[in-house]
Amino acid sequence: MSLTWHLIGKCTTWKMNFKFVCLFFLAVSFGYLRREKLSRCSEAVWCHECSGRKLPAPMALPPPDPQFVLRGTSAAVHTLHFSCGGPEPDIPLLFSGSENGFIHVWNLKTHRVDTALDGHGRKSVCCVETMGSKDRLLSQGRDQRICLWDLAEGRTSVTDSVFTEHVGFCRCSLLKVAQGRWLMAMAARSLEEVQILELPSKTSVCTLKPELSCGSHPVLLAGYEDGSVVLWNVSMGKALSRLVCHQEPVMSLDFDSEKAKGISGSSEKVLSIWSLNEQQNLQVYKTHELVNAGISDITIRPDKKILATAGWDHRIRIFGWKKLKPLAVLDYHTATVHCVSFSDHSTPRHRLLAAGSRDQRISVWSIYAQT
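Everything numeric in this text was worked out from a predicted model, so none of it was measured. (Residues numbered from 1 in each chain as written. Predicted model: local features only at pLDDT ≥ 70, side-chain atom pairs only at ≥ 80, totals over all residues. Heavy atoms only, no water.)

Asker: Quick question: what am I supposed to make of the nonpolar core here?
Answerer: For soluble globular proteins, nonpolar side chains are generally found buried alongside one another. Counting 16 residues, the largest nonpolar core has Ala308, Ile316, Ile318, Leu330, Val340, Leu353 and Ile367 as its most contacted members. Within the residue set of this core, elements represented by two or more residues are strand E24 (306-311), strand E25 (316-320), strand E26 (325-330), strand E27 (337-342) and strand E28 (353-357). (Core = buried A, V, L, I, M, F, W, Y, C linked by side-chain atoms within 4.5 Å. Buried < 20%, exposed > 50% of the residue type's maximum accessible area, 1.4 Å probe, protein only. Helix = DSSP H or I, 4+ residues; strand = E, 2+ residues; numbered from the N terminus.)

As structure tokens, then:
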């Protein structure tokens, strides 16, 4: 399953029988959705859309090498999360979660591990995310626990945890609703249900069941094993729309709230782009066929100009988000790429892309930083 949050009215009723793969929370009001034209790229070698500066194919340069590579996880890397947006002299950090159960906190200035956290009984870590600051961390592991960490003043302690009865690979998803308060969506024991908790109180808000059938309400996008994406109204506990966009399980999805448009990948050779109209109906926008099958992860850069995919074929692919124009194929890793993440640097020229792989390496790239 895949999960994400939104703010939205009107629904249809049907019954479904499926498991989820990914979850994603949205947080936006439809009254403020805007469509912005992307600025043109200043890098002629990479961008195929720059008028007046195109180079013929034989002159195109090969993709660059990573800016640097982080080694030392001793296991496959399954999840990444940047924390780089703080004021100076804050040190930019990258959190990684590995198959051996360790969470590594990487200093992006020294390219070394500042801290190694062990809180999941050596079971694979599938999700790490900061909660408001780099000192508060949430992690999810295959030990069926979601842990809350206090990292302030050098501490490395788990302050609280939530036991999940779900044993699959679905990552939880967070939505900040007030200062110090969060909603967390996670897969429930019954494989077709989504459980919503409030953090840090761990109060149960609701359980979303597919057989359930709208102003502004938080909404959730969930990707399922039957290849469908479902939009949920969390406050009402109702499904608003369902779209079958893949023939195989949805492995990952991301959503652009400004353009009301999302993208999903699966174990097949197709990326599906879909939109959300003002009636809260999901509809297919376009599809893009890939050379090789299998997408582990998809992420849209925060400025909504490019996106990156993590491939089973060991490659990272970069696309322009406006037209899904292929821009680059980054070929460095020697095994499946499990995850990709863009940094939250406030200065565009400092933007980074990180990719974690089964080959136990994290590649860090500076690409289209000025776009």
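Further notes follow.
Asker: Quick question: what am I supposed to make of the pairing of strand E4 (residues 77-83) here?
Answerer: Two faces belong to every sheet, and in a regular strand the side chains alternate between them. Burial of E4 is extensive: 7 of the 7 residues sit out of reach of the surface. As paired strands, E4 and strand E5 (residues 93-98) are joined by 6 bridges and run antiparallel to one another. Directly across from Ser83, in E5, lies its bridge partner Leu93. (Pairing = 2+ DSSP bridges.)

Asker: I'm lost on the sheet that holds strand E22 (residues 282-289) in this one. Help?
Answerer: Strand pairs in the sheet, formed through backbone hydrogen bonds, run parallel or antiparallel to each other. Ordered in space as E19-E20-E21-E22, the 4 strands form an open sheet in which the pairing is antiparallel. Each edge of the open sheet carries a strand with a single partner, namely strand E19 (250-256) and E22. Adjacent strand axes in the sheet meet at a mean angle of 20 degrees, parallel and antiparallel pairs treated alike. One ladder, built from 6 bridges, connects E19 with strand E20 (residues 261-266); its direction is antiparallel. Paired with Asp256 across the bridge in E20 is Lys261. (Axes fitted to C-alpha atoms, helices over the stretch in contact; angles between N-to-C directions.)

Asker: Just checking my understanding: could you explain the pattern of salt bridges for this structure?
Answerer: Between side chains of opposite charge, a pair can form when the charged atoms approach closely. If you walk through the whole model with that rule in mind, you get 15 salt bridges. For the salt bridge of Arg122 with Asp118, the shortest nitrogen-to-oxygen distance reads 3.1 Å. Using a relative accessible area of 53% as the deciding quantity, one classes Arg122 as exposed. For Asp160, the salt bridge is made with Lys202, and the minimal N-O distance between the two is 3.0 Å. Of the two residues, Asp160 is situated in strand E11 (residues 157-163) and Lys202 in the loop between strand E14 (194-199) and strand E15 (203-208); the sequence distance between them amounts to 42 residues. Overall, Asp160 belongs to the partly exposed group, its relative accessible area being 27%. Judged by its relative accessible area of 35%, Lys202 is partly exposed. Through salt bridges with shared partners, a single ionic network connects Asp313, Arg315, Arg317 and Asp331. (Salt bridge = Lys/Arg side-chain N within 4 Å of Asp/Glu carboxyl O.)

Asker: Would you mind showing me how to read the state of the cysteines here?
Answerer: Think of a disulfide as a covalent bridge from one cysteine sulfur atom to another cysteine sulfur atom. By the definition in use, this model includes 0 disulfides. The structure places no disulfide on Cys126, whose sulfur is separated from the nearest cysteine sulfur, that of Cys127, by 6.2 Å. A relative accessible area of 8% places Cys126 in the buried class. Cys127 supplies the cysteine sulfur nearest to Cys172, a cysteine that is in no disulfide, at a spacing of 4.2 Å. (Disulfide = S-S within 2.5 Å.)

Treat this as a map of the structure, not an account of what it does.
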